[in-house]
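# Inside the fold
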Amino acid sequence: MLGFEIDRDILRPWTTLSNEEINTLAKWAYISFYTRPVYLFGQVLHVKSWGELKRKVMAFISMLFKQENISREDKQFSAFNENSAVMVEAARQRLRLLAQGENR
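Now for a quick tour of the structure. As the structure is a computational prediction, the values presented were derived from the model and not from experiment.

Once that is clear, we can look at the packing of helix α1 (residues 19–34) against helix α3 (residues 50–66). Axis separation between α1 and α3 bottoms out at 10 Å; the angle between their running directions is 145°. In this structure, the crossing between α1 and α3 has a hand that is left-handed. Along the contact surface, α1 presents Lys27, Tyr30, Ile31 and Tyr34, while α3 presents Phe60, Met63 and Leu64. Residues that form the contact of α1 with α3 fall into these classes: six nonpolar, no polar and one charged.

Among the secondary structure elements, Glu52 is positioned in helix α3. Those residues within four positions of Glu52 in sequence are excluded, and the remaining contacts are His46 and Val47.

Tallied over the full model, the rule gives four aromatic pairs. Relative to Tyr34, the ring of Tyr30 lies with its centre 6.3 Å away and its plane at 10°, an arrangement referred to as stacked. Of this pair, Tyr30 and Tyr34 both sit in helix α1, four residues apart, which is roughly one turn of the helix. When its relative accessible area of 28% is taken as the criterion, Tyr34 is described as partly exposed. Summarising the aromatic geometry, the rings of Phe33 and Tyr39 are spaced 5.5 Å apart at their centres and angled 50° between planes, so their arrangement reads as tilted.

Reading the values: rules and limits
- Residues numbered from 1 in each chain as written.
- Predicted model: local features only at pLDDT ≥ 70, side-chain atom pairs only at ≥ 80, totals over all residues.
- Heavy atoms only, no water.
- Axes fitted to C-alpha atoms, helices over the stretch in contact; angles between N-to-C directions.
- Helix = DSSP H or I, 4+ residues; strand = E, 2+ residues; numbered from the N terminus.
- Left-handed = near helix turned anticlockwise from the far one by under 90°.
- Contact = heavy atoms within 4.5 Å.
- Nonpolar A, V, L, I, M, F, W, Y, C, P; charged D, E, K, R; others polar.
- Phe/Tyr/Trp six-rings, centres within 6.5 Å; stacked < 30°, edge-to-face > 60°.
- Buried < 20%, exposed > 50% of the residue type's maximum accessible area, 1.4 Å probe, protein only.

Here it is in structure tokens:
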């Protein structure tokens, strides 16, 4: 059930980094984690087929070179407020129905 919640920037009072700087740091974190020799060796040891190896290599290359540099707005994404009064009341109604079903 989609609601009418409006997308807005996440407040980050603990940092003065821009979205671009945060995206750059996130990409650096992914690359530094997934290019560790121990991780790469472990992944190669667990490969069970050539197809799986090909998929992993292609995903690795995509992560390194094809990952978007900045976040893009997704026009089709809709957020909903999980704490809205309508959602809370619907959850309470489901609980009442479940309780009535158990009492029979």
